[in-house]
Amino acid sequence: MTATSKSNVPREKTTPLPIGAPPLPGADLDSTAHIMNRISSQLATQLSLVSLDGRRRPEPPALVLVAHGSRDPRTLSTVHTLVERVRELRPGLPVRLGHIELNEPLLPDTLASLGTGDAVLVPLLLSRGYHVKRDIPEMAAAGPARTRVAAPLGPHPLLVETLHARLVEAGWRNRMDETTRRSSAVVLAAAGSRDPQAAVDTGRTAHLLSERLGVPVVPAYASAAKPTVDTAVRALAARGRHRVAVASYFTAPGLFATQCAEKAPWIASAPLGTHPAMARLVLHRYDQSLATATATEPALASA
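An account of the accompanying structure is given in this report. Just so it is clear, the structure is predicted and the values come from calculations on it, not from any experiment.

Reading guide: rules and limits
- Residues numbered from 1 in each chain as written.
- Predicted model: local features only at pLDDT ≥ 70, side-chain atom pairs only at ≥ 80, totals over all residues.
- Heavy atoms only, no water.
- Pairing = 2+ DSSP bridges.
- Helix = DSSP H or I, 4+ residues; strand = E, 2+ residues; numbered from the N terminus.
- Axes fitted to C-alpha atoms, helices over the stretch in contact; angles between N-to-C directions.
- Contact = heavy atoms within 4.5 Å.
- Salt bridge = Lys/Arg side-chain N within 4 Å of Asp/Glu carboxyl O.
- Buried < 20%, exposed > 50% of the residue type's maximum accessible area, 1.4 Å probe, protein only.
- Lys, Arg positive; Asp, Glu negative; His and termini not counted.
- Core = buried A, V, L, I, M, F, W, Y, C linked by side-chain atoms within 4.5 Å.
- Expected span 1.5 Å × (residues − 1).

**A look at the sheet that holds strand 3 (residues 118-123)**
Taken in spatial order, the four strands make up an open sheet running 2-1-3-4, and their pairing is parallel. Each edge of the open sheet is held by one strand with a lone partner, namely strand 2 (95-99) and strand 4 (146-149). This sheet shows a mean twist of 30° between the axes of neighbouring strands, independent of strand direction. Across five bridges, strand 1 (residues 62-67) lies against strand 3 in parallel orientation. From the neighbouring strand, Val66 faces strand 3, where its bridge partner is Pro123. Across the sheet, helix 10 (residues 276-292) is in contact with strand 1, strand 3 and strand 4; its angle to strand 3 comes to roughly 130°.

Written as structure tokens, this is what we have:
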């Protein structure tokens with residue numbers, strides 16, 4: 001008996017999955033849509049690294065997510081998960097994290113670690129206010145990196161998409177009979193700010209969410225602005241709206257989000273958190289800043 005040569009042994013053929021094909025059994029992926037989003041983002045990233053003449057372009061500016069900071073450990077955990085989701089959507093993009101206060105790394109330390117490189121700071125804040133207008137630009141100006149400050153996350157339709165999804169998770173039903181719809185409403189519970197532009201931004205989000213849901217949506221605040229959630233709930237009840245949900249307009253769990261949820265007469269949604277639309281919105285603000293900013297010095301991009 002003669003030995004069979006390796007060249008005569010048939011090799012198992014492997015066929016790569018076509019783009020858009022469903023995942024193999026056991027694949028740890030959320031959905032086909034998630035796969036397509038990752039493929040599209042990865043292709044965009046790879047193409048962005050090569051110029052038309054085939055030469056490799058310089059590394060893109062770092063994306064620095066700027067979180068407020070919180071003593072609640074759930075907040076930090078949520079922010080770290082969001083950072084990882086952004087990295088998954090845009091492989092090859094340097095993504096960093098910096099906090100305004102309370103948590104490490106603090107933003108000045110993150111900027112110092114970048115040296116004299118370029119960076120786009122994306123505030124994980126939902127409206128204009130003191131932090132966006134003063135704190136973040138001043139920290140950016142004091143650091144060695146060449147920076148641009150993107151617009152805050154809100155208002156934007158992707159936030160409305162997230163708010164709607166969180167309400168549905170909590171028990172909201174889009175299909176209602178007319179009697180139920182006439183008795184329903186939503187209180188959009190936000191942190192609050194003394195800056196009047198913050199109220200304008202939150203009001204815009206409330207308007208967009210109202211259009212999505214088909215019921216009144218009233219902005220309310222945990223501090224520094226009025227009305228409070230309690231006041232908004234009572235005002236809606238006086239108008240015959242007794243089936244009131246509280247939509248948590250916070251990027252992560254924390255004291256304010258918990259206090260507002262406790263005041264819900266019906267259901268309360270979870271904070272925006274790590275919903276896939278949030279990572280997409282962070283990257284949109286990053287891309288928007290690069291497309292619209294003309295200066296290399298710290299500057300606030302328009303919303």
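**Considering unusual backbone geometry**
The step from Glu104 to Pro105 runs through a cis peptide bond, and the omega angle for that step is 0°. Looking at the secondary structure, you find Pro105 in the loop between strand 2 and helix 3 (107-113). With omega at -5°, the peptide bond leading from Gly154 into Pro155 counts as cis. In this structure, Pro155 sits in the loop between strand 4 and helix 5 (157-170). Even without a glycine there, the phi angle at Leu102 is positive, about 75°.

**Some details on the pattern of salt bridges**
Within the structure shown, the criterion is met by eleven salt bridges. In this structure, the salt-bridge partner of Arg74 is Asp72, at a minimum N-O distance of 2.7 Å. We note a salt bridge from Asp118 to Arg146, for which the minimum N-O separation is 2.8 Å. Here Arg146 lies in strand 4 and Asp118 lies in strand 3, a separation of 28 residues in the sequence.

**Regarding the side chain of Arg241**
Following the sequence through the fold, Arg241 ends up in the loop between helix 8 (229-238) and strand 7 (243-248). Of the side chains bearing the opposite charge, Glu178 lies closest to the buried Arg241, which forms no salt bridge; the N-O distance is 7.4 Å. Once residues lying within four places of it in the same chain are set aside, the contact partners of Arg241 are Arg181, Arg182, Ser183, Ser184, Ala185, Pro216 and Leu236.

**Let's talk about the sheet that holds strand 5 (residues 184-190)**
Hydrogen bonding along the main chain pairs the strands of a sheet, whether they run parallel or antiparallel. Ordered in space as 6-5-7, the three strands form an open sheet in which the pairing is parallel. This sheet does not close on itself; its edge strands, each paired only once, are strand 6 (217-221) and strand 7. Shown here is a sheet whose adjacent strand axes are inclined to one another by a mean of 30°, direction ignored. Where strand 5 lies against strand 7, six bridges are found, and the strand directions are parallel. Within strand 7, the position partnered with Leu188 by the bridge is Ala247. In this fold helix 5 packs onto strand 5 and strand 7, with an angle of close to 125° to the strand it touches most, strand 7. Packing of helix 7 (residues 196-213) onto the sheet brings it into contact with strand 5, strand 6 and strand 7, and relative to strand 6 it is tilted by some 145°.

**Some thoughts on the nonpolar core**
Formed by 47 residues in total, the largest nonpolar core has its most connected members in Leu63, Leu65, Leu153, Trp172, Val186 and Leu209. Considering each element in turn, this core owes the most residues, seven residues, to helix 10. Grouped together as the second largest cluster of nonpolar side chains are 16 residues, Ala62, Ile136, Met139 and Ala145 included.

**A look at helix 5**
Across its 14 residues, helix 5 extends 20 Å between first and last C-alpha, which sits within 8% of the 20 Å expected from 1.5 Å per residue. Looking at helix 5, one finds that the buried residues are Leu158, Leu159, Val160, Thr162, Leu163, His164, Ala165, Arg166 and Leu167. Close packing links the buried residues of helix 5 with strand 5, helix 7, strand 7 and helix 10. Among the residues trailing helix 5, Gly171 stands out with phi positive, at a value near 125°.

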